[in-house]
Amino acid sequence: MRDSQLGGQEGRAGGGAMAALARSVVQRLTAREISVSSPDEAIVASIARALIEAYPDGMDALRQELRRSRIGDTELVDLYFPEVARYLGCAWADDQAAFTDGSIGVARMQAMLRGLGRNWTSNASAETGGATVLVVLPEGEQHSFGALLMTGQLRRQGVSVRLEIGTADDDLRRLVREREFDCAMVSVACDEQIARCRRVVEALRQGSDGRLWIAVGGPLVGAPIDLRARTGADIVTCDPLQVLQGAISRQARTYEQLVDSSGYAGS
């Protein structure tokens, strides 16, 4: 979707078409978020118990109850899984559950998510020239669950997502040099990982010759530190909508500058 070069594809039918397509992706994501209701706390607790105590038979039986309550796979993953992960974390922090319970519960949700994600990806109707996003979990990061959730959400909206976990800096440079991405999202969980995150951001900048719009997100967002300055990212947020909107704005400005300098009018 990025018009970083004029020619070959005629600016991908011009900046207007590019921006319109990208905006449609953002609008669909926004509509999905608005339509989501609040999770039922009793169902959250039931899912947590089924994951820990009676998996997989208990989870299969619970999903039948969820279907009767008109809670489908999408709502289960987008609305309930994040709340279940939070529920398990709070239970451990309050000494109401063992750390292993939370680890097992999250691992089982990830396994379910991967299975569902294969169906969503294979059934998705890819749009020609649609948005392309690179999601990076630097080496040493352990919180892959949130990244998997976001990846599935974006793919269901027609966004092409590449997920890289623990990838070496040289490989990331090569990847963004050889492939076109509209933006990259890098996750960071703790202070100890900030330096590693910064090296990832620098590798993405170098590989893309500074063209790539880069966001940093993850559990450390909201901490009383200047995460943008310390990582070198363009934006700090956990909201993929903000990242896509920032990428759209960057691309529009780049396109206008190229038009002004080259006299290219598009189609």
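Above this text sits the structure in question.
Reading the values: the criteria
- Residues numbered from 1 in each chain as written.
- Predicted model: local features only at pLDDT ≥ 70, side-chain atom pairs only at ≥ 80, totals over all residues.
- Heavy atoms only, no water.
- Phe/Tyr/Trp six-rings, centres within 6.5 Å; stacked < 30°, edge-to-face > 60°.
- Helix = DSSP H or I, 4+ residues; strand = E, 2+ residues; numbered from the N terminus.
- Buried < 20%, exposed > 50% of the residue type's maximum accessible area, 1.4 Å probe, protein only.
- Pairing = 2+ DSSP bridges.
- Contact = heavy atoms within 4.5 Å.
- Axes fitted to C-alpha atoms, helices over the stretch in contact; angles between N-to-C directions.
- Polar contact = N/O pair within 3.5 Å; in protein donor to acceptor, adjacent residues only side chain to side chain.
- Expected span 1.5 Å × (residues − 1).
- Arc of directions from axis to C-beta.

Asks: Just to check I follow, could you spell out the packing of aromatic side chains for this structure?
Replies: Enumeration over the complete set of coordinates arrives at 1 aromatic pair. Summarising the aromatic geometry, the rings of Phe81 and Phe145 are spaced 6.4 Å apart at their centres and angled 40 degrees between planes, so their arrangement reads as tilted. Placement of the pair is Phe81 in helix α4 (residues 73–93) and Phe145 in helix α6 (residues 144–156), with a sequence separation of 64 residues. Phe145 matches Phe81 in its accessibility class, with the two residues each being buried.

Asks: Would you take a moment to explain the sheet that holds strand β5 (residues 235–236) for this structure?
Replies: The pairing of strands in a sheet happens through backbone hydrogen bonds and is either parallel or antiparallel. The sheet built from 5 strands is open, its strands ordered β2-β1-β3-β4-β5 with parallel pairing. With partners counted over all chains shown, the strands left at the sheet margins are β2 (160–165) and β5, one partner each. As paired strands, strand β1 (residues 132–137) and β2 are joined by 6 bridges and run parallel to one another. Along β2, the bridge assignment pairs Val133 with Val161. Along the sheet, α6 makes contact with β1, β2 and β3 (183–187), crossing β2 at roughly 165 degrees.

Asks: Got a minute to help me understand the side chain of Arg196 in this structure?
Replies: Position of Arg196 among the secondary structure elements: in helix α8 (residues 194–207). There is a polar contact of 3.0 Å between the side chain of Arg196 and the side chain of Asp169. Ignoring sequence-local partners within four residues, the contact set of Arg196 consists of Pro138, Glu139, Thr167 and Asp169.

Asks: Mind showing me how you'd approach helix α3 (residues 57–68) here?
Replies: Every α-helical turn comprises 3.6 residues, leaving residues that sit three or four positions apart pointing alike. Compared with an ideal rise of 1.5 Å per residue, which puts 12 residues at 16 Å, α3 spans 17 Å between its outermost C-alpha atoms and is within 8% of the ideal. Burial in α3 covers these residues: Met59, Leu62, Arg63 and Leu66. All buried residues of α3 fall inside an arc of 110 degrees around its axis, so they share one side. Seen from the buried face of α3, the exposed residues on the opposite side, beyond 90 degrees, are Asp57, Arg67 and Arg68. With its phi angle positive at about 60 degrees, Arg70 sits one or two positions after the end of α3.

Spatial relationships are all this shows, so hold off on functional conclusions.
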